[in-house]
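Coordinate analysis (summary)
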Amino acid sequence: MRFTSERVRRAVGRRSPIQRRHAVSLAVIAGVAITLASCDKTITLPSASLPAIEATSVDPAAGTWRMLVLTSPDQVVVPDPTATTSTAYQAELTAVKAAQAIVTDAQRVNVQYWTGAGVLRWNEIERELVARYNLPPAPTAAGSYPLPDAENPFADPVFPFSNPPYAARAYSYVSVAQYEALKAAWYYKYKFNRAAPSKVDPAVVSAIPASTLPAYPSEDAVLSGVTAEMLKLLFPGALEEITRKAGQQREAAILSGRATASDVAAGLALGKAVAALVINRARADGMGAAAGSPVMWKSLSDAATAKGEISWLSQEGPIRPPLLMNFGSVKAWTMTPAEVVSLEPGPPPSTSSDQMKADLAEVKQTVDHLTKDQLAIAQKWNDGAGTYTPPGHWNAIASSYVRDARMSEVRAARVYALLNIAMHDVSVGCWDSKMKYFNPRPSQLDPSIKTVIGLPNFPSFPSGHSTYSGAAATVLGSLFPQGAATFDAMADEAGISRMYGGIHYRSDIVQGKAHGKRIGAWVLNFAKGDGVN
């Protein structure tokens with residue numbers, strides 16, 4: 001049920017003054033700018049600035065789509081709902097109507113913010129958290145770099161340091177958990193087939209036209225539960241903010257006319273239970289050992305030197321260990337460790353080769369004669385400290401396409417899951433390659449090269465920007481074919497931006513993008529059997 005100005009005027013005009021005031025309150029929840037003319041007076045209601053998203057399809061078969069972590073969509077048991085004719089459910093409907101009758105402007109805006117857009121909103125929130133925590137630890141007075149402690153996230157340095165590999169993993173875990181939870185929710189929605197409140201009782205106002213999507217369990221509550229649990233694990237210092245956002249989403253589900261209290265309770269329990277299963281995987285994926293050790297650092301450097309190569313050196317003062325030197329051993333989503341290695345690029349040009357001399361000279365020439373446009377590109381794709389990282393940049397790019405496609409929540413979750421699975425898996429392979437070759441940065445080989453963006457504290461080959469971008473462009477180009485050429489051009493621009501910044505050779509960029517495209521294709525092939533049309 002959706003209010004338009006003419007429909008409201010006709011409905012209100014036939015009612016008593018008390019009924020008219022109640023109808024006005026219900027109309028507010030729809031977030032429609034309307035003028036109500038009655039025999040008493042004219043009332044103007046402002047519209048919400050954030051439009052709700054009405055999905056073009058509810059994807060009724062989503063409960064049959066292949067699970068990634070769960071063994072089946074009914075692994076977590078959801079109890080049968082009460083009948084819509086029961087006294088208990090009718091009391092829930094009464095509570096919804098009472099809440100809608102006294103809705104505030106702030107609540108109305110909140111309804112518009114969350115309705116049909118939960119996956120999008122949580123992705124925005126996660127990107128903000130990544131940017132906030134993307135700050136490298138400062139050295140101590142003794143010249144060492146303490147590691148952030150997940151058990152004491154408020155200490156100095158705060159936990160986490162959401163650098164690119166950490167962020168890629170975080171985006172992937174949140175997206176996969178959301179996708180798993182929503183597929184399970186869809187399974188139960190169509191098993192029980194309990195209609196939305198606004199379908200059961202026309203006096204309940206819906207923020208968007210009431211669809212055929214069953215209400216039990218509430219997808220909004222599922223998302224609030226699963227996402228909050230994952231984010232509290234990954235960003236424990238933001239627990240209060242995360243909890244508040246999750247509560248706002250559940251409130252919006254009820255005020256929007258799309259769920260009752262029991263729909264929300266069932267959804268919240270399902271979301272939390274799925275999160276617990278995904279967290280079990282996260283705790284055993286090897287991330288706890290990703291920082292490496294001084295012994296490992298020395299062995300990596302010695303191995304490069306033993307091959308006759310110039311070994312990468314930290315150019316920070318005091319010298320800092322290479323970032324997450326053992327991240328290449330973290331568990332991937334779609335491939336075994338052997339498969340990860342099989343898709344990695346071959347070695348970079350030898351540091352003593354003519355090819356390396358040519359590559360180095362090209363970087364020097366580019367930086368010394370940088371144009372304004374090239375500088376702008378370098379800064380556009382910098383994605384350094386204080387940003388949501390290269391993986392977050394590609395999540396932001398994806399978001400506009402997801403929004404415009406008006407996808408169901410479960411289909412939107414699939415987009416982010418495939419995108420972020422690809423970027424996590426390519427991050428594992430990229431970091432394994434970086435540490436395997438321990439290739440020096442251009443400014444190490446030629447100190448006269450002045451970088452115009454931040455110099456990452458890890459080996460050069462292959463380019464992380466290029467690997468992330470190649471994988472992301474490949475996945476998004478398949479999911480949104482109309483944007484494929486644009487995505488590929490963006491990937492090229494992201495890659496070359498690193499040469500403009502003075503921090504990568506062309507060989508890093510070319511091989512990095514090719515590596516990313518191989519991983520992207522691998523993930524798409526993995527997705528072919530998931531049952532999604």
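Presented here is an overview of the structure given in this document.

Scoring rules and cut-offs
- Residues numbered from 1 in each chain as written.
- Predicted model: local features only at pLDDT ≥ 70, side-chain atom pairs only at ≥ 80, totals over all residues.
- Heavy atoms only, no water.
- Helix = DSSP H or I, 4+ residues; strand = E, 2+ residues; numbered from the N terminus.
- Buried < 20%, exposed > 50% of the residue type's maximum accessible area, 1.4 Å probe, protein only.
- Contact = heavy atoms within 4.5 Å.
- Lys, Arg positive; Asp, Glu negative; His and termini not counted.
- Charge placed at Lys NZ, Arg CZ, Asp CG, Glu CD.
- 1 Å grid on protein atoms, 1.4 Å probe; cavity = no way out; pocket = protein on both sides within 12 Å on 5 of 7 lines; lining within 4 Å.
- Points joined across faces, edges and corners; volume = space filled by probe spheres on them.
- Nonpolar A, V, L, I, M, F, W, Y, C, P; charged D, E, K, R; others polar.
- Axes fitted to C-alpha atoms, helices over the stretch in contact; angles between N-to-C directions.
- Left-handed = near helix turned anticlockwise from the far one by under 90°.
- Polar contact = N/O pair within 3.5 Å; in protein donor to acceptor, adjacent residues only side chain to side chain.

1. What to know about the overall build of the chain
Along the backbone of the chain there are 20 helices and 2 strands. For the chain, the C-alpha atoms occupy an extent of roughly 90 × 50 × 50 Å along the three principal directions. Expressed as a percentage of the 533 residues in the chain, the buried residues total 55%. Taking as baseline every contact in the chain between residues at least 6 positions apart, the subset at least 24 positions apart corresponds to 83%. For the chain, the separation between the mean place of its 51 positive charges and that of its 45 negative charges on side chains is 6 Å.

2. Here's the deal with empty space enclosed by the protein
Counted according to the given criterion, the structure contains 3 cavities of 30 Å³ or more. Space inside the largest cavity adds up to approximately 50 Å³. Mapped onto the lining of the largest cavity, the elements with two or more residues apiece are helix H15 (389-405) and helix H16 (409-437). When its residues are assigned to classes, the lining of the largest cavity shows 6 nonpolar, 1 polar and 3 charged.

3. Brief notes about the packing of helix H9 (residues 239-255) against helix H10 (residues 261-283)
Contact geometry for H9 and H10: axes closest at 9 Å, N-to-C directions at 145°. Of the two possible hands of crossing, H9 and H10 adopt the one that is right-handed. Where H9 approaches H10, its residues Arg250, Ala253 and Ile254 are matched on the opposing element by Ala261, Val264 and Leu268. When the residues that make up the contact of H9 with H10 are grouped by side-chain class, the tally is 5 nonpolar, no polar and 1 charged.

4. Re the environment of Ser350
Following the sequence through the fold, Ser350 ends up in the loop between helix H12 (337-342) and helix H13 (354-368). On the accessibility criterion, Ser350 (23% relative accessible area) is partly exposed. Ser350 has contacts with Glu309 and Met356, leaving out every residue within four places of it along the chain. A distance of 3.0 Å separates polar atoms of two side chains, one belonging to Ser350 and the other to Glu309.

5. What to know about unusual backbone geometry
In this chain, Asp156 is followed by Pro157 through a cis amide linkage whose omega measures 5°. Relative to the helices and strands, Pro157 is located in the loop between helix H5 (118-133) and helix H6 (164-192). Cis geometry is adopted by the peptide bond preceding Pro160, which originates at Phe159 and carries an omega value of -5°. Tracing the backbone through its elements, the reader meets Pro160 in the loop between H5 and H6. For Asp383, which is not glycine, the phi torsion reads 50° and is therefore positive. In this fold, Asp383 is placed in the loop between helix H14 (372-380) and H15. If you check the backbone angles, Phe438 has positive phi at about 50° while not being a glycine. Given a relative accessible area of 0%, Phe438 falls into the buried group.

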